[in-house]
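Structural description and commentary
Take a look at the letters that make up each chain.
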Amino acid sequence: AAQGCYSYDPHTGRELWKVRYRGFSAVPRPVTKGNLAYVVTDFGRPELWAIRMNGRGDVTDSHVQWKYTSSVCSTPSVVLVDNLIYFVTDKTGVASCLDAKTGKLIWRHAYPTTYEDPYGYNNGPRCAPLLTANRCYTFGAQGVLLCLDFKTGRQIWQRNVLKDWKAPENFFGV
């Protein structure tokens, strides 16, 4: 929602709590674990917030456990596995892993890309990372498919499917 995130009772529709933030059009879906909701704020300058869900009313000043503000995704959703949060920044293609309890960066993986969205929307991937038991796969707008180590972010292999399959670049990349 614009300028905030709202929690509702699923049985009555009554608002339980809300947090306020600057900006609009948060695209990624929130994820939860235990008593925490992880919410991406604002499309233009996204941040990832961990919000304790046991509050009532406006909990902006009392229930935000941590905020992560560097290279956060504005379109792809985050993925939460165990106590780790994975995401790919759609503006730059940087893959990151955070500790879900503290918001501390565990690892970050970046690779060079020259993709430019022909309509000026943004220049990065729109897809969330895919996780397996020990791998993190990302797919960039320029057609780079990466396989990263789940725990360290170390690159295991890389393919350029744009070149491999001779696919044309499109509005959302490959």
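Provided above is the structure to which this section pertains.
Worth saying up front: this structure is predicted, and the values here are computed from it rather than measured.

Next up on the list: the overall build of the protein chain. Counting its regular elements, the protein chain contains one helix and 15 strands. Relative to a compact globule of 174 residues, whose C-alpha radius of gyration would be 16 Å, the protein chain shows 17 Å and is just as compact. Referenced to the eigenvectors of the C-alpha coordinate spread, the extents of the protein chain come out at roughly 55 × 35 × 30 Å. Within the protein chain, the fraction of its 174 residues that count as buried is 47%. In the protein chain, of all internal contacts separated by at least 6 residues, the share reaching a separation of at least 24 is 40%. Accessible surface, the protein chain as shown: approximately 9,200 Å² in total, 52% of it carbon and sulfur.

Next up on the list: the sheet that holds strand β8 (residues 79-81). A sheet is described by the order of its strands in space; here four strands give the open sequence β8-β9-β10-β11, paired in antiparallel fashion. The open sheet has two free edges, formed respectively by β8 and β11 (105-109), since each of these has just one partner strand. When strand polarity is set aside, the average angle formed by the axes of neighbouring strands in this sheet is 15 degrees. With three bridges connecting them, β8 and strand β9 (residues 84-88) associate as antiparallel partners. Looking at β9, one finds that Val79 is bridged to Tyr86.

Next up on the list: the pattern of salt bridges. Across all of its chains, the model carries two salt bridges by this definition. Ionic pairing is found between Arg20 and Asp58, a salt bridge with its closest N-O pair at 2.5 Å. Highlighted residues: Arg20 in strand β2 (residues 15-20) and Asp58 in strand β6 (residues 57-58), separated in sequence by 38 residues. Look at Arg20 and you get partly exposed, because its relative accessible area is 42%. Between Asp164 and Arg159 there is a salt bridge, with the nearest N and O atoms lying 2.6 Å from each other. Note on Arg159: relative accessible area 46%, which makes it partly exposed.

This brings us to the sheet that holds strand β14 (residues 144-149). One open sheet accounts for four strands, arranged β12-β13-β14-β15; its pairing is antiparallel. The open sheet is flanked by β12 (130-131) and β15 (155-160), the only strands paired with a single partner. Pairing between β14 and β15: five bridges, direction antiparallel. Bridge pairing in β15 links Leu148 to Gln155.

Tracing the backbone through its elements, the reader meets Asn35 in the loop between β3 (31-33) and β4 (36-41). The spatial distance from the C-alpha of Asn35 to the C-alpha of Ala50 is 9.7 Å, given a sequence separation of 15 residues. Among residues more than four places away in sequence, those in contact with Asn35 are Ile51, Arg52, Met53 and Asn54.

On to the side chain of Ser96. Looking at the secondary structure, you find Ser96 in strand β10 (residues 95-99). Within the structure, the side chain of Ser96 is placed 3.5 Å from the side chain of Arg108, a separation counted as a polar contact. Those residues in contact with Ser96, other than ones at most four positions away along the chain, are Ile85, Tyr86, Phe87, Leu105, Trp107 and Arg108.

What follows deals with unusual backbone geometry. Phi angles above zero are rare outside glycine, and Asp42 is one such case at about 50 degrees. In this structure, Asp42 sits in the loop between β4 and β5 (47-52). Although it is not a glycine, Ser71 sits at a positive phi angle of roughly 55 degrees. Counting through the fold element by element, Ser71 comes out in the loop between β7 (64-68) and β8.

Thresholds, definitions, all that
- Residues numbered from 1 in each chain as written.
- Predicted model: local features only at pLDDT ≥ 70, side-chain atom pairs only at ≥ 80, totals over all residues.
- Heavy atoms only, no water.
- Helix = DSSP H or I, 4+ residues; strand = E, 2+ residues; numbered from the N terminus.
- Rg over C-alpha atoms; globule rule 2.2 N^0.38 Å.
- Buried < 20%, exposed > 50% of the residue type's maximum accessible area, 1.4 Å probe, protein only.
- Contact = heavy atoms within 4.5 Å.
- Areas by Shrake-Rupley, 256 points an atom, 1.4 Å probe, with all protein chains shown as cover.
- Pairing = 2+ DSSP bridges.
- Axes fitted to C-alpha atoms, helices over the stretch in contact; angles between N-to-C directions.
- Salt bridge = Lys/Arg side-chain N within 4 Å of Asp/Glu carboxyl O.
- Polar contact = N/O pair within 3.5 Å; in protein donor to acceptor, adjacent residues only side chain to side chain.

Nothing here speaks to function; it is all geometry.
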